[in-house]
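Here is what each chain is made of, one letter per residue.
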Amino acid sequence: MTPAAQIEKRRPLTRAEFGQLMIDQEGRCACGCGEKLQPMTEGVIDEHLRALALLGTNALENRALYRKPCARKKTDEQDTPRIAKAKAQAGETGQYARRQKRGQGSIQSRGFDKTRTKRFDGSVVARQSQETR
Ligand SMILES: [Zn+2]
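If you're wondering where the values come from, they're calculated on a predicted model, not measured in any experiment.

A. Here's a closer look at the coordination of the zinc ion. Bound to the zinc ion are the protein donor atoms Cys29 (SG), Cys31 (SG), Cys33 (SG) and Cys70 (SG), situated 2.3 Å from the metal. Viewed at the metal, the four donor atoms of the zinc ion are separated by angles of 103 to 115°, and the geometry they form is tetrahedral. Judged by its relative accessible area of 12%, Cys70 is buried.

Dropping the structure here:
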């Protein structure tokens, strides 16, 4: 009933795991910006490729090293809206939850989410007309 029960707690990488990812990524940021990781100066964040809140795990396969500014960008632009959507789909928040509280009678169809559109690569983004960027 509660998907929250399956969410793992964040586990920091060991030094060996951190070193392994550094080697695997050839010392470069995992976001694709091509910049070198600078642990001593700007800082490096070990991100979860799939956020824990979206049932990602702490396993090394789900971890990647990001430059600090890139990690913040990933969290803000990808994880936060996806987590919000997952919560809405799980019935914790959003239109469905509000309708549930009001009672069964008001539910006809959830319909399609007209505020979002799917790109060819499968990612779901806000529609152009609604973009505030
Ligand atoms: Zn980057």
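B. Structural detail: the pairing of strand 1 (residues 44–48). Across the five residues that make up strand 1, a large majority, four, are buried. Bridge count for strand 1 against strand 2 (residues 63–67) is five bridges, and the pairing is antiparallel. Each residue of the ladder has a partner; that of Val44, found in strand 2, is Arg67.

C. Representation of the environment of Tyr66 in the model. Of note, Tyr66 is situated in strand 2. The exposure class assigned to Tyr66 is buried, which follows from its relative accessible area of 7%. In this structure the C-alpha to C-alpha distance between Tyr66 and Gly43, which are 23 residues apart in sequence, comes to 8.8 Å. Each residue touching Tyr66, except ones within four places of it in the same chain, is listed here: Cys29, Ala30, Cys31, Leu37, Gly43, Val44, Ile45, Glu47, Leu49, Ala71 and Lys74.

D. Quick look at helix 2 (residues 68–89). Over its 22 residues, helix 2 runs 30 Å from end to end, which matches the ideal 32 Å to within 8%, given 1.5 Å per residue. Approximately 35° is the largest bend angle found in helix 2, and it occurs at Thr75. Buried within helix 2 we find Cys70, Ala71, Lys74 and Asp79. Of the surrounding elements, those touching the buried residues of helix 2 are strand 1 and strand 2. Following helix 2 by one or two positions, Gly91 has its phi on the positive side, about 85°.

E. Highlighting the side chain of Asn62. Mapped onto the secondary structure, Asn62 falls in the loop between strand 1 and strand 2. Within the local environment of Asn62, its side chain forms a polar contact with the backbone oxygen of Thr57, the two atoms lying 2.7 Å apart.

F. Seen up close, helix 1 (residues 15–24). What helix 1 keeps buried is the set Glu17, Leu21 and Met22. Along the axis of helix 1, the buried positions cluster into a sector of 140°, meaning they face one direction only. The outward face of helix 1, more than 90 degrees from its buried face, is lined by the exposed residues Arg15, Ala16 and Ile23. On its buried face, helix 1 sits against strand 2. The first or second residue beyond helix 1 is Glu26, which carries a positive phi of 50°.

G. Quick peek at the pattern of salt bridges. Within the structure shown, the criterion is met by six salt bridges. Asp46 is the salt-bridge partner of Arg10, the closest N and O atoms lying 3.3 Å from each other. With Arg10 in the segment before helix 1 and Asp46 in strand 1, this pair connects stretches of sequence that are 36 residues apart. Look at Asp46 and you get buried, because its relative accessible area is 13%. The partner of Glu42 in a salt bridge is Arg67, with the nearest N and O atoms 2.6 Å apart. Taken together, the residues span a long stretch of sequence, with Glu42 in the loop between helix 1 and strand 1 and Arg67 in strand 2 at a distance of 25 residues. Classification of Glu42 by relative accessible area gives partly exposed; the value is 28%.

Calculation criteria
- Residues numbered from 1 in each chain as written.
- Predicted model: local features only at pLDDT ≥ 70, side-chain atom pairs only at ≥ 80, totals over all residues.
- Heavy atoms only, no water.
- Donors = N, O, S within 2.8 Å, 3.2 Å for Na, K, Ca; no water.
- Tetrahedral: all angles 85-135°; square planar, octahedral: opposite > 155°, others 65-115°.
- Buried < 20%, exposed > 50% of the residue type's maximum accessible area, 1.4 Å probe, protein only.
- Helix = DSSP H or I, 4+ residues; strand = E, 2+ residues; numbered from the N terminus.
- Pairing = 2+ DSSP bridges.
- Contact = heavy atoms within 4.5 Å.
- Expected span 1.5 Å × (residues − 1).
- Bend = angle between axes of the 7 residues up to and from the residue.
- Polar contact = N/O pair within 3.5 Å; in protein donor to acceptor, adjacent residues only side chain to side chain.
- Arc of directions from axis to C-beta.
- Salt bridge = Lys/Arg side-chain N within 4 Å of Asp/Glu carboxyl O.

That's the geometry; what it means functionally is another story.
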